[in-house]
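# Structure assessment
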Amino acid sequence: MTMQDRAAKRSLDPATQQMLRLAAERGYETTWERLEAQQPQCGYGELGVCCRHCTMGPCRIDPFGDSGPQKGVCGATADTIVARGLLRMIAAGAAAHSDHGRDIAHTLLLTAQGKGGGYEIKDEAKLHALAAEYGIATEGRTKEDIALDLARAAYAEFGNQEGPILFTRRAPAKRVALWQTLGIEPRGVDREIVESMHRTHIGVDNDPVNLILHGLRTSIADGWGGSMIATELSDVLFGTPRPVQSQANLGVLKDDQVNIILHGHEPTLSEMIVAAAQDAEMLALAQQQGAAGINVAGMCCTGNEILMRHGIPVAGNFLQQELALITGAVEAMIVDVQCVFPALPELAACFHTKIISTSPKAKFPGATHIEFHEERAYEIAKGIVREAVLNYANRKAALVNIPRDKTECMVGFSVEAIVAALGGTLDPLLGAVKSGAIRGIAGVVGCNNPKVRHDYGHITLVKELIKNDVLVVNTGCNAIACAKAGLLQPEAAELAGAGLQGVCRALGIPPVLHMGSCVDISRILVACAAIANALGVDISDLPVAGAAPEWMSEKAVSIGAYVVSSGIYTVLGVAPPVLGGPAVTQLLTAGAEGVVGAMFAVEPDPEKAAALILQHIQKKRAALGLG
Ligand code: SF4
Ligand code: MSK
């Protein structure tokens, strides 16, 4: 296979293909080579039938049943092992999102106490709305006093023993009642995660159904708890996103400027870096170093956070993190937590690029560690930017290869922004759904995965959906894929069916609405709840669906679980490690429908995935009498 063909097989994105060809030419190792080196990957692991929860193991179950053990040493069956493994994945994913939410609550607390090193409360209207939801008095109080009570109340949601988690009350009453009947209404965020670990210890919960039900409860604590707290309090601190124009792909890096890439997830650090990069002192220093300016670009979800709020361009999604380094034009890649390859420092050593880790929770051997503390946020951010600026002089011109590809995008569709675009009420959207101009709404989210052709699953599925008049809302790496492919521009309406096209043209919006980072899938839940409440039905009655065509992380497992728990049919492009447990597989892909009103499907072909979603939307429309 030629280098060209190989690169095209790995990615749909031209900038990525260009960098992959360069990597092959120069012998830089990327995730794709490491995936190949891992072949064949463990079949037991793939099916989820291995367990090392105790030292009587590790145990694995023969999936074919004729040549190996059918039970672990303790007697655990394949379904028990699979269910325990899945529950631990959900717990890890929920922990990641929720710890992010806790950090934002902590930042709000410090800010309210006057100890936030440069943060301020940017959205007072949202602060007041949330205070009202929590029953916090606002009359005659300063925003700091209100924020202090709000931060404390949100903080308490993590350690609460009895619940309910307040934001679960945003779900339609029927949904909440169903969760209560099933015994899966979450109590405190941390409690459900801890209980997941307890239940999956040897000799505790061995009933696959009981384990999966707790997985749903833990995931609800993420989606309607930790993640939603992260989103809402980020809006209070940093502002609720409104539509803004920007650009996406590696072409946003600049030849003649200091390039800083912000990679990871939490907006606390990235917000301050964005501010510090505009500091006159830093700009003067950059000039002294011979640079025309300081160019900040995002990557993955921290990229989405600053893209949505400031229009800071995004350099790429998950699988482009190494390729950004291969441009040779990055002075510093600043990382915090989640989705950051441990491989980065070794690759960065081939260039002048500094990998700067900042979180006490995430250190990377080979990286420069400059620990970030909210109390001294601006001062530390300036120190980090200084490191990057001073590194500009070390750039090796001969190694610089910045692809030209960059695409215009319109982003920033928070629920508030969507309602504003609709003229202040959901009615035009409901009208369009009822008339059939919009057949339904699909949330397409999630990662990249080198097992799937990069961006192909995302773009093919989204194009197919909008062509069939399904409005797409997205977050995470799907949103970045769509930005690069030009689907986040109002002009992309021409790719939509006549009905959706008409709605987009009338409102001046793209057919694919960027709603934010991974934790912002909570915005999609809020939107679904609002639509269901307006129609007087449950979320599971709506013509809506979810999809994650290229997912890879444990966070995505938790997301999938809370989306299904919320009543939304979800199609996965990559199979989770459950297929070795027939009862668990049956429960997730069929039985769940009768329990929570929604289920999973696994479909690697994005065109077939679109067909499944369209079929589902049609079924729901018919049940609502919408035809
Ligand atoms: Fe094996 Fe059971 Fe121990 Fe798992 S918990 S390693 S199945 S003995
Ligand atoms: S960054 S979790 S690769 S979407 Fe949120 Fe992208 Fe998935 Fe990370």
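Residues numbered from 1 in each chain as written. Chains lettered and ligands numbered in written order. Predicted model: local features only at pLDDT ≥ 70, side-chain atom pairs only at ≥ 80, totals over all residues. Heavy atoms only, no water.

### Regarding the overall build of the protein
Scanning the protein for helices and strands turns up 25 helices and 16 strands. The dimensions of the protein, computed from C-alpha atoms along their principal axes, are 70 × 65 × 50 Å. Each of the 627 residues in the protein was classed as buried or not, and the buried ones make up 61%. Long-range pairs, those at least 24 residues apart, make up 75% of the contacts in the protein between residues at least 6 apart in sequence. With the model as given, the accessible surface of the protein reaches about 22,100 Å², and the carbon-plus-sulfur share is 54%. (Helix = DSSP H or I, 4+ residues; strand = E, 2+ residues; numbered from the N terminus. Buried < 20%, exposed > 50% of the residue type's maximum accessible area, 1.4 Å probe, protein only. Contact = heavy atoms within 4.5 Å. Areas by Shrake-Rupley, 256 points an atom, 1.4 Å probe, with all protein chains shown as cover.)

### Re the site of ligand 1
Within the structure, ligand 1 sits among 13 residues, and Cys-51, Cys-54, Cys-59, Cys-74 and Arg-84 are positioned closest to it. Partitioned by chemical class, the residues of the shell around ligand 1 number 8 nonpolar, 3 polar and 2 charged. Two domains share the shell around ligand 1, each providing at least three of its residues, namely domain 1 (3-58) and domain 2 (78-238). (Near = heavy atom within 4 Å. Nonpolar A, V, L, I, M, F, W, Y, C, P; charged D, E, K, R; others polar. Domains from an automatic or database assignment.)

### Re the pairing of strand S10 (residues 407-411)
Burial within S10 is extensive, with 4 of its 5 residues counted as buried. Of the pairings in the sheet, the one linking strand S3 (residues 244-248) to S10 comprises 5 bridges and is antiparallel in character. The partner of Val-244 across the bridge, within S10, is Val-411. (Pairing = 2+ DSSP bridges.)

### Some remarks on the domain arrangement of the protein
Parsing the protein into structural domains produces domain 1 (3-58), domain 2 (78-238), domain 3 (250-399) and domain 4 (409-623). Contact residues are listed per partner, giving 8 residues for domain 1 and 7 residues for domain 2. When the two sides are added together, the surface that domain 1 and domain 2 hide from each other amounts to roughly 570 Å², 71% of it contributed by carbon and sulfur. Counting every contact that joins domain 1 to domain 2 gives 0 salt bridges. Scanning the region where domain 1 abuts domain 2 turns up 1 residue pair in polar contact (both at pLDDT 80 or more). Of the residues in the side of domain 1 that touches domain 2, the class split is 6 nonpolar, 2 polar and no charged. (Buried area = accessible area lost by both parts, 1.4 Å probe. Salt bridge = Lys/Arg side-chain N within 4 Å of Asp/Glu carboxyl O. Polar contact = N/O pair within 3.5 Å; in protein donor to acceptor, adjacent residues only side chain to side chain.)

### Structural notes on the packing of helix H12 (residues 280-288) against helix H16 (residues 377-391)
Packing of H12 against H16 brings their axes to within 9 Å, and their N-to-C directions diverge by 10 degrees. In this view, H12 runs roughly parallel relative to H16, as classed from their interaxial angle. On H16, the residues touching Glu-281, Met-282, Leu-285 and Ala-286 of H12 are Lys-382, Val-385, Arg-386, Val-389 and Leu-390. Residues that form the contact of H12 with H16 fall into these classes: 6 nonpolar, no polar and 3 charged. (Axes fitted to C-alpha atoms, helices over the stretch in contact; angles between N-to-C directions. Parallel < 35°, antiparallel > 145°, perpendicular 65-115°, else oblique.)

### Section: the packing of aromatic side chains
Counted under the stated rule, the structure contains 5 aromatic pairs. Measuring from ring centre to ring centre gives 5.8 Å for Tyr-134 and Phe-167, while their planes differ by 70 degrees; the resulting arrangement is edge-to-face. With a gap of 33 residues between them, Tyr-134 in helix H6 (residues 124-134) and Phe-167 in the loop between helix H7 (143-159) and helix H8 (173-182) connect regions that are remote in the sequence. Among the residues examined, Tyr-134 registers a relative accessible area of 17% and is labelled buried. Between the NZ or CZ atom of Arg-170 and the centre of the ring of Phe-167, over which it lies, the distance is 4.0 Å. (Phe/Tyr/Trp six-rings, centres within 6.5 Å; stacked < 30°, edge-to-face > 60°. Lys NZ or Arg CZ within 6 Å of the ring centre and 35° of its normal.)

### Description of H7
Between its first and last C-alpha, H7 extends 25 Å over 17 residues, near the 24 Å set by a 1.5 Å rise per residue. Those residues of H7 not exposed but buried are Ile-146, Ala-147, Leu-148, Leu-150, Ala-151, Ala-154, Glu-157 and Phe-158. Looking at the buried side of H7, the elements it contacts are helix H5 (78-112), H6, helix H9 (189-199) and helix H10 (208-238). (Expected span 1.5 Å × (residues − 1).)

### Concerning the site of ligand 2
His-265, Cys-301, Cys-339, Cys-447 and Cys-477 are the nearest of the 13 residues found near ligand 2. Listed by contribution, the elements that provide at least two residues to the shell around ligand 2 are helix H13 (300-310) and helix H20 (476-484). Each of domain 3 (250-399) and domain 4 (409-623) gives at least three residues to the shell around ligand 2.

### Observations regarding the pattern of salt bridges
In total, this model carries 38 salt bridges according to the counting rule given. The residue Lys-484 makes a salt bridge to Asp-455 at a minimum N-O spacing of 2.7 Å. Taken as a pair, Lys-484 in helix H20 and Asp-455 in the loop between strand S11 (440-444) and helix H19 (456-467) lie far apart in primary sequence, 29 residues in all.

### Some words on the sheet that holds strand S16 (residues 600-602)
In spatial order, the strands read S13-S12-S11-S14-S15-S16; together these 6 strands make up an open sheet with parallel pairing. The open sheet has two edge strands, strand S13 (512-516) and S16, and neither has a second partner. In this sheet, adjacent strand axes meet at a mean angle of 25 degrees when their direction is disregarded. Pairing geometry for strand S12 (residues 470-475) and S13, over 4 bridges, is parallel.

### Brief notes about the side chain of Ser-522
Within the fold, Ser-522 resides in helix H22 (residues 521-535). Once residues lying within four places of it in the same chain are set aside, the contact partners of Ser-522 are Gly-223, Ser-227, Met-228, Thr-231 and Tyr-562.

### Details of H13
Counting buried positions over the 11 residues of H13 gives 10, a clear majority of the element. Among all positions of H13, only Cys-300, Cys-301, Thr-302, Gly-303, Asn-304, Glu-305, Ile-306, Leu-307, Met-308 and Arg-309 are buried.

### Remarks on the packing of H22 against helix H23 (residues 554-565)
At a closest axis distance of 11 Å, the pairing of H22 and H23 adopts a crossing angle of 5 degrees. In this view, H22 runs roughly parallel relative to H23, as classed from their interaxial angle. On H23, the residues that touch Ile-521, Ser-522 and Leu-525 of H22 are Ile-559, Tyr-562 and Val-563. Here the contact of H22 with H23 is built from residues that sort into 5 nonpolar, 1 polar and no charged.

### Re the environment of Cys-50
Structurally, the position occupied by Cys-50 is in strand S1 (residues 50-51). Using a relative accessible area of 40% as the deciding quantity, one classes Cys-50 as partly exposed. Sequence separation between Cys-50 and Pro-450 is 400 residues; the distance between their C-alpha atoms is 23 Å. When neighbours within four sequence positions are excluded, Cys-50 is seen to be in contact with Tyr-44, Gly-45, Cys-59, Arg-60 and Ile-81.

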